[in-house]
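# Remarks on the overall topology
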Amino acid sequence: MISKKYSEILFIAIMGLGMSLIMTLAITYINTGIDGDFVNRWFKAFMVGFPIAVVAAAVIAPIAKKLTKKFTS
């Protein structure tokens, strides 16, 4: 089991993984369609998108939490 002190980092990594998987899959399909090379094109897009999604989640998550608290208090 992973220590609770790493829960925020784990949340950001899982969020970035999910976001990048879904978005690169959808965008690759929309832009190029599905053919024999689809998986290779998608994987290349994912390898670029995953680090970007993790950084975006790390930046946005604290802001989203503050806004959520503000709107729900």
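In what follows, the accompanying structure is described. Counting from 1, residues in each chain are numbered in the order their sequence is written. Thresholds applied to this predicted model are a pLDDT of at least 70 for local features of residues and 80 or more for the giving and counting of side-chain atom pairs; totals over whole chains, interfaces and linings are not thresholded and use all residues. Neither water nor hydrogens contribute to the side-chain values; these are computed over all heavy atoms in the structure.

### Observations concerning helix α2 (residues 38–72)
Note on helix geometry: an α-helix contains 3.6 residues per turn, so any two residues three or four positions apart are oriented the same way. Put simply, DSSP marks the helices as runs of H or I at least four residues long and the strands as runs of E at least two long, and each gets a number from the N terminus on. Given a helix with a known number of residues, its expected span is that number minus one, times 1.5 Å. For α2, which comprises 35 residues, the first-to-last C-alpha distance of 43 Å sits more than 12% below the rise-based estimate of 51 Å (1.5 Å per residue). Remark: exposure states derive from per-residue accessible area (1.4 Å probe, protein chains only) relative to the maximum for the residue type, with buried under 20%, exposed over 50%, and partly exposed in between. Residues of α2 that are buried: F38, W42, F46, G49, A53, A57 and A61. Note on definitions: a residue-residue contact is assigned when non-hydrogen atoms from the two residues lie within 4.5 Å. Looking at the buried side of α2, the elements it contacts are α1 (7–32).

### Things to note about the pattern of salt bridges
For this analysis, a salt bridge means a side-chain nitrogen from Lys or Arg found within 4 Å of a carboxyl oxygen belonging to Asp or Glu. Evaluation of the coordinates by the stated rule reveals three salt bridges. The residue K65 makes a salt bridge to E8 at a minimum N-O spacing of 2.7 Å. Here the residue K65 occupies a position in helix α2, and E8 occupies one in helix α1, the gap between them amounting to 57 residues. Overall, the relative accessible area of 43% leaves K65 in the partly exposed class. When the shortest N-O distance is used, the salt bridge between D35 and R41 registers 3.0 Å. By relative accessible area, D35 is classed as partly exposed at 42%. For R41, a relative accessible area of 22% puts it in the partly exposed group. Each of D35, D37 and R41 takes part in a single network of salt bridges with overlapping partners.

### Quick notes on the environment of S20
Considering the arrangement of structural elements, one finds S20 in helix α1. When its relative accessible area of 3% is taken as the criterion, S20 is described as buried. Sequence separation between S20 and F46 is 26 residues; the distance between their C-alpha atoms is 6.2 Å. Leaving out residues up to four positions away in the same chain, S20 has contacts with L25, F46, G49, F50 and A53. Within the local environment of S20, its side chain forms a polar contact with the backbone oxygen of G16, the two atoms lying 2.8 Å apart. Looking at S20, its side chain comes within polar contact range of the main-chain oxygen of L17, at 3.1 Å. Counting of polar contacts relies on pairs of N or O atoms within 3.5 Å, with two restrictions inside protein: one atom must be capable of donating a hydrogen and the other of accepting it, and residues adjacent in sequence are counted only when both atoms are side-chain atoms.

### As for the packing of α1 against α2
Running from amino to carboxyl end, α1 crosses α2 at an angle of 135°, the nearest separation of the two axes being 6 Å. Relative to α2, α1 is oriented oblique. Between α1 and α2 lies a crossing of right-handed hand. All amino acids are sorted into three groups, where Ala, Val, Leu, Ile, Met, Phe, Trp, Tyr, Cys and Pro are nonpolar, Asp, Glu, Lys and Arg are charged, and the leftover types, Gly among them, are polar. Taken together, the residues of the contact of α1 with α2 sort by class into 19 nonpolar, six polar and three charged. In this description, a line fitted to the C-alpha atoms serves as the axis of each element, helices being fitted only across the stretch in contact, and the angle between N-to-C directions of two axes falls anywhere from 0 to 180 degrees. Each angle gets one of four labels, with under 35 degrees taken as roughly parallel, over 145 as roughly antiparallel, 65 to 115 as roughly perpendicular, and the rest as oblique. Crossings are assigned a handedness: left-handed for a near helix turned anticlockwise from the far helix by less than a right angle, right-handed for a clockwise turn.

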